[in-house]
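# Residue-level structure breakdown
Here are the chains, one letter per residue:
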Amino acid sequence: LFGRENRRGKLPMTMYPHSFVSEKAMADYDMSSGVGRTYRYYTGAPLFPFGWGLSLTTFSMSCAQVARTTTQRYECTVQNVGAVDGD
């Protein structure tokens with residue numbers, strides 16, 4: 001309440017718009033029968049992506065490409081630059 005602790009509340013799932021969710025039955029996650037209700041087929045922007053949540057601190061991230069062969073490889077550094085511990 002007073003910002004002394006960084007309480008976390010991260011989503012364990014992706015939240016899609018109602019228009020996408022209402023096209024299929026709630027329990028239909030079958031990926032073998034054509035277009036299902038999963039991230040595999042959704043091309044729009046989700047309302048809230050997996051892991052979305054609140055934080056009382058700020059993070060910075062910097063990435064650099066370290067290898068370029070048949071695949072690209074990057075290394076990233078994430079740093080808490082806020083005043084409160086966070087994850």
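Above this text you will find the structure in question.
Attention here is on the structure that accompanies the text.

Turning our attention to the overall build of the protein chain. When you go through the protein chain residue by residue, the secondary structure sums to one helix and four strands. The linear arrangement of helices and strands in the protein chain, starting from the amino end, is β-α-β-β-β. Burial statistics for the protein chain: of 87 residues in total, 11% are counted as buried. For the protein chain, contacts bridging at least 24 residues in sequence account for 49% of all contacts bridging at least 6. For the protein chain, the accessible surface area stands at approximately 7,300 Å², while carbon and sulfur atoms represent 56% of it.

Mapped onto the elements, Met-61 comes out in strand E3 (residues 59–68). Residue classification places Met-61 among the exposed positions, given a relative accessible area of 60%. Here the alpha-carbon distance between Met-61 and Thr-77, two residues 16 residues apart in the chain, equals 5.6 Å. Sequence-distant contacts of Met-61, that is, excluding residues within four places in its chain, are made with Cys-76, Thr-77 and Val-78.

Our focus in this paragraph is the packing of aromatic side chains. All chains considered together, the criterion is met by one aromatic pair. Measuring from centroid to centroid gives 6.0 Å for Phe-48 and Trp-52, while their planes differ by 50 degrees, and the two rings are tilted. Phe-48 gets classed as partly exposed once you look at its relative accessible area, which sits at 38%.

What follows covers the pairing of E3. Across nine bridges, the pairing between E3 and strand E4 (residues 72–80) is antiparallel. Its bridge partner being in E4, Cys-63 is matched across the sheet by Cys-76. The hairpin turn running from E3 into E4, its antiparallel successor, is three residues long.

Before going further, it helps to spend a moment on the pattern of salt bridges. Counted under the stated rule, the structure contains one salt bridge. Two residues, Arg-73 and Glu-75, come together in a salt bridge whose shortest N-O distance is 2.9 Å.

Counting through the fold element by element, Phe-48 comes out in the loop between helix H1 (18–21) and strand E2 (53–54). In contact with Phe-48, other than residues within four places in its own chain, are Leu-11, Met-13, Thr-14 and Met-15.

Thresholds, definitions, all that
- Residues numbered from 1 in each chain as written.
- Predicted model: local features only at pLDDT ≥ 70, side-chain atom pairs only at ≥ 80, totals over all residues.
- Heavy atoms only, no water.
- Helix = DSSP H or I, 4+ residues; strand = E, 2+ residues; numbered from the N terminus.
- Buried < 20%, exposed > 50% of the residue type's maximum accessible area, 1.4 Å probe, protein only.
- Contact = heavy atoms within 4.5 Å.
- Areas by Shrake-Rupley, 256 points an atom, 1.4 Å probe, with all protein chains shown as cover.
- Phe/Tyr/Trp six-rings, centres within 6.5 Å; stacked < 30°, edge-to-face > 60°.
- Pairing = 2+ DSSP bridges.
- Salt bridge = Lys/Arg side-chain N within 4 Å of Asp/Glu carboxyl O.

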